[in-house]
Structures are given as structure tokens and as C-alpha cells.
Amino acid sequence: MSNTAKRPDFKAKYDNYIGGKFTAPVKGNYFDVVSPIDGKVFTQAAHSTKEDIELAVDKAHEAFETWSKTSVTERSILLNKIAQKIEDNLEFIATVETIDNGKPIRETLAADIPLVVDHFRYFAGVIRAEESSIAELDSQTVSIALSEPLGVIAQIIPWNFPILMAVWKLAPALAAGNTVVLKPAESTPISILVLMELIGDILPPGVINIVNGFGAELGRPLVTNKKVSKAAFTGSTATGRLVMQYATENIIPVTLELGGKSPNVFMKSVADHDDDFFDKAIEGAVLFALNSGEICTAPSRLLVHEDIYDKFMSRVIERTEAIVAGNPLDKATMIGAQASLVQKEKIMSYLKLGKEEGAELLTGGDENKLGGDLDGGYYIQPTIFKGHNKMRIFQEEIFGPVLAVTTFKTTEEAIEIANDTMYGLGAGVWTRDAHEIYQVPRAIKAGRVWINQYHSYPAGAPFGGYKQSGIGRENHKMMLGHYRQTKNMLISYDKKKLGFF
Amino acid sequence: MTKRIDATEKAIELIHILKEKHGDLMFYQAGGCCEGTQPQCFEKGGFYQRMGDVCIGEIEGTEFWVDNDLFEYWKNAHFTLKVIDAFGAGGFSLESPLKKSFQIEYRLFTEEELENLEPVHFIE
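Analysis parameters
- Residues numbered from 1 in each chain as written.
- Chains lettered and ligands numbered in written order.
- Predicted model: local features only at pLDDT ≥ 70, side-chain atom pairs only at ≥ 80, totals over all residues.
- Heavy atoms only, no water.
- Phe/Tyr/Trp six-rings, centres within 6.5 Å; stacked < 30°, edge-to-face > 60°.
- Helix = DSSP H or I, 4+ residues; strand = E, 2+ residues; numbered from the N terminus.
- Buried < 20%, exposed > 50% of the residue type's maximum accessible area, 1.4 Å probe, protein only.
- Lys NZ or Arg CZ within 6 Å of the ring centre and 35° of its normal.
- Contact = heavy atoms within 4.5 Å.
- Buried area = accessible area lost by both parts, 1.4 Å probe.
- Salt bridge = Lys/Arg side-chain N within 4 Å of Asp/Glu carboxyl O.
- Polar contact = N/O pair within 3.5 Å; in protein donor to acceptor, adjacent residues only side chain to side chain.

Peer 1: Would you take a moment to explain the packing of aromatic side chains for this structure?
Peer 2: In total, this model carries 27 aromatic pairs over all chains according to the counting rule given. Centre to centre, the rings of Phe233 of chain A and Phe92 of chain B are 6.5 Å apart; their planes meet at 65°, and the pair counts as edge-to-face. Taken together, the residues Phe233 of chain A in strand S10 (residues 228-234) and Phe92 of chain B in the loop between strand S6 (77-84) and strand S7 (101-108) connect one chain to another. Residue Phe233 of chain A shares its accessibility class with Phe92 of chain B, and that shared class is buried. Summarising the aromatic geometry, the rings of Phe266 of chain A and Phe312 of chain A are spaced 4.7 Å apart at their centres and angled 35° between planes, so their arrangement reads as tilted. Separated by 46 residues along the polypeptide, Phe266 of chain A in strand S12 (residues 263-266) and Phe312 of chain A in helix H10 (residues 309-321) bring together distant segments of the chain. Through pairs of rings, three or more aromatic residues link up here, namely Tyr350 of chain A together with Phe27, Phe64, Trp74, Phe79, Phe102 and Tyr106 of chain B. Seen from the ring of Tyr483 of chain A, Lys230 of chain A lies directly overhead, with NZ or CZ sitting 4.3 Å from the centre.

What follows is the structure in C-alpha cells.
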């Protein structure tokens, strides 16, 4: 029996999803979609233009009229139905996601898609328990603060978790009563459309609209469309700033998630015993290779107390070298392909740079030629460099399975190195010391600090960046606030006039 | 004087194609996830630089700007602008609809080169 998921049949080409229907792009163009698994074209996606954006925004705007007035009960029921449909088709969706993105099916089955299901359920749940506020400001004056949805939301999605990142944005936007025009990344345009084939008819037409194409052609017309009321983006700092710049035209709010260079700090007490916790800590360091390192919070800087460096790193290197590379559709494969040739080439340039700038290569350091059917795929060996925090491989987000290790002598030095970065998205702190468990995370300037764990993303825990890592907190009911505005009704129960005129 | 940035023939050719379509251009490179640290090509003036951002040189009259925080790390490297016949970085760079991506190849300057570098200019 093969342990390899069967490739589903894909359509020859995928249209946009607009107004509840698969809709051909106005100009009739499509682009080839390559699977990173083997570098081969497996289907085509719509190469849309601003005309398609306009059509989608118009449909979303129309749908908002009724969708914004649905009861929270109704929206909650529909979000739960979506969650159930996804759960019932989990293996199929996970397979499609793996083909689109190249990540191992082990991860899409155990993480990406189950998190998607739970995310819809979380937002279906929290909106039922919410209440608006009312305040008696004086005996005759009452203030009601009611939340109202914004309108049409523009969402621009990255390629590292094509479905999960879409759902982090879709679930709160829909729960809050908005409609959406979503642009997937051009390197992973298909899985979200396959998802729409399954869940599209659960929602009224126009509530979710998907338009594929290139950011260069669609980003500006989407964010600056006068009927768009908010933009949400995940990606690079330059593009994030451009989205903000576009958002100034119509004074619309933005939420941004823009990456990091996250420190993973291992205090001395970690190696006090060779027990389950030590074993967990070693895995925690090796999580740099999860999703082939293509995670905004990837723990790509490893900070280890110098006294435990040898004991700890020998085990980390051993565990890294035990990572099984192979066909991402094989359930035994632990590391898959990078999402695109461009990404693979970028990582290769950093591998070269790391060696050039004098970092010590501890393991890996090259592409991974897997041969056979996978020969054209985009594979990189999990790589560990030792160096210091001023090296470029410690400061730039490589977005690949590349770890940069350095040591520290004191807690103060660990905190200083951890914070010596322009980003502040994620961080990890590992210790057996009760005081450090509280004090070190508080001193790290990052929106999410994992303590004695890493890379968990449960709904209910707010996620977002400090510093140049962005604006907003996803994964939590507070995200509803980013998709709504407040209607204040200020009521006077006083029959007497003010007396001014 | 040593230049901080050069371009391959193919990159120059692509710049000409994009100029014909979009008029004057600019490059900008910053950090972050996905397309972060990729050079992005925009219409000239289409990207609002930060105070302190650095222009490290010109290619075919097109200015190449980098983020001021990252210049601290990039100032010791020579940039070669090249082109890959593929897309997928993401971002809003103008070449991607042509199924191409600009990319930078880095080379650390020698001691000698470091002493004789072309001056840069900043947004002030």
C-alpha cells in the first residue's frame, strides 16, 4: 500500500469566483500554475485585470446590502457549515494544498486544514456571545456603542499558507458581516478555488469573491477602489507600505502582517536534565524547518546559552539531519518543496552569502536534488549556520529552512540579541526557571512569545506584530474590531432645551 | 570608483521593456516575509520612500533604493540585478505579469573596493 496521497484531477483552468459563480476573466487570459513538487504545470489560473477587480468589488458591494443585515445567529450557522464541509473533505483539501504550495501533506493534514476548520468554528462561536455596550452618561443621557461591519474588504493573501492565511482573514471579516474580494498569491492560486467549489454555495452570492492575477496589476485597483472599506495584507514590508500608501487615497484602515526574524532563546536550565522536556526543546529548535521555513514567525535565529551549546547543538544537528525529505504527498515526508523557483533561488543566494560572510556551516547548505519525478521540484537542505547577530543571515528574513545560531552568556545579553532586529512578530523562550518564564518574554519586543513551545497557532490567542512586523491581531476575537466600526447612538431623555438659543 | 550596483544584460533588457510600458521606473528593496528582500520595480514615484532610505545607484537611469535599516547590512555588498524566468515571489513588482522576477546576487566588497565606493544619497 502506498503512503502517498493520490493526485486529484484538476480542471484545465480555473476562473475567478465572482458573485457566486466561476467567472472567466474579462480579457480571457490565463497563466500557467506550477506545482513546486516537480516544477511542472498542473493547471491554469485567471490572469485578471482591473476590470475583473471592479466586477468583483461591485458584486461584493451588492451582497453587502443584505449580508450585513443577517443576524449573528445566521452568520454563525453558515460559518459552522463551512467548517463542517472542510472537515468532511479534509484529506482532499490537504492534498490540493500540498500540490499548490509544495509543503508536506503531513503538515496540511495535521496543521493547516484542521486549523482552518477550527478558525471558522471559533469565529462562529465568539460572535454569538458578543454584546454591544450601553452606558448611562448621566441620568438623562444614554450612549449605545454598536458594532457595524465596514463593507467590502480587500484581502491580499501570501503563498506560504494559501488556505490558512486566507481563512485567518476571511473568518473574522465574514463573522463581522463584511463581504470580501480576495486576491490569492500568484504562485498558489488554486487551492482556495478548489475550496470555493466545496463551500461556495453555503454563502449568498457575492459574499466571497476570488480574483487571481498579479499584484502589480491588481493590488492598486483593488485597494483604491472607492467601494472598498478596508485592506488586509500579509507579505513583505515594502508591499505592506505600498498597501498602506494606497489606503490613504480613500482613508481606509489596513491590517498588515509583514514577517519577522524571530529569536528562539534557550536558557541554561534547558539542559539540566536529559528528559522529555529536553527532547521537546530540541524539537523546538528544529521547528525552523517547519513548512520549509516559509513562516513569518519561523524561529530563524537560535540563541543558546554558551554553557549548553555543545550538548544542545549536537542533538539539534542530529535531529535536523534526521528530517526526511521526499515527495510532499508522501505522508512520511517531513520537509517538502519551497513554494516557487524564485523563492528557492533567493534561499540559495543566502546560503552562498552565509558562507561568504564567514558563518560556520554546521549542516546542510545546498539545494536538495531528489531525482526521479521530483527532479524539477524546489528543494533545499535544512541548513544551520553558526555566526553572530550582525551577519546578514541573522538580520534578513530568508524564508527558507535556514537557521542562524549564536550563543549568549547572560540573560541580559540574550534579550539584547533577541531585540536587535527591525521586526517583532514571534519569539520563543525555553527555560525550567519560573522567574525567567515571566521576565524574559516580557522583555522581548514581539507580539507573540511562545514559552516552552513554538509554532502553535490556536484560535483564541491573539497573533500579530510589534515594530515593523505589522498592525492588527489575527486569530482572536479582537480581530473583529479591525473589521468593524462603532456606531454610537447618543440619546437624550431630557425634555428640556439646552438654553443656548 | 566602484559601483554598488550593476545589472545583467537580461535585466537591462527587461528594464527597457518595462519603461516602454510604464514610463520612468524605480527599484525598491526592503525586508519582510514572502517577497521581502526581493527588489521590486515600480513606476517612478510610485513608492513613497522612508526618511533615510538610500539610493545605492542607478541602472539605465533608474534609481535603486533600499530601506534605511537594512542598508546597514547591505552597505558592504555589491548588488547585481538579474532576472529569473519565473514568477512567484509575490508583491507588486511590475515585471511579474511578464512571468519574470528581478533578483539580486550579492558579493561582499573587498577592502580595496570599500575604500573607493560611489557615494550614495538619502531621502532627507
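Peer 1: Can you walk me through the interface of chain A and chain B in this structure?
Peer 2: Interface extent is often summarised as the accessible area lost during association of the parts. At the interface, 49 residues of chain A touch 44 residues of chain B. Note on chain A versus chain B: buried area summed over both sides is about 3,800 Å², and carbon and sulfur give 60% of it. Of all residues in chain A, Arg241, Val342 and Arg392 of chain A bury the most surface against chain B, accounting for 18% of the area lost on that side. Viewed at the interface, chain B and chain A are joined by two salt bridges. Across the pair Asp67 of chain B and Arg241 of chain A runs a salt bridge whose closest N-O atoms are separated by 3.5 Å. Put simply, chain A and chain B have 26 residue pairs in polar contact (both at pLDDT 80 or more) between them. Looking at the side of chain A that touches chain B, the elements with two or more residues in it are strand S3 (30-35), helix H7 (215-223), helix H8 (237-247), helix H11 (341-356) and helix H12 (392-395) of chain A. The greatest single-element share of the side of chain A that touches chain B, amounting to ten residues, is contributed by H11 of chain A.

Peer 1: Help me understand unusual backbone geometry, please; the structure alone is not making it clear to me.
Peer 2: Excluding glycine, a negative phi dihedral is what most residues carry, and trans is how most peptide bonds are arranged. Residues and elements named next belong to chain A. A positive phi angle is found at His455, which is not glycine, with a value near 60°. Mapped onto the elements of the fold, His455 is located in the loop between strand S19 (448-451) and strand S20 (466-467). Although it is not a glycine, Asn475 sits at a positive phi angle of roughly 75°. Following the sequence through the fold, Asn475 ends up in the loop between strand S21 (470-471) and helix H15 (478-482).

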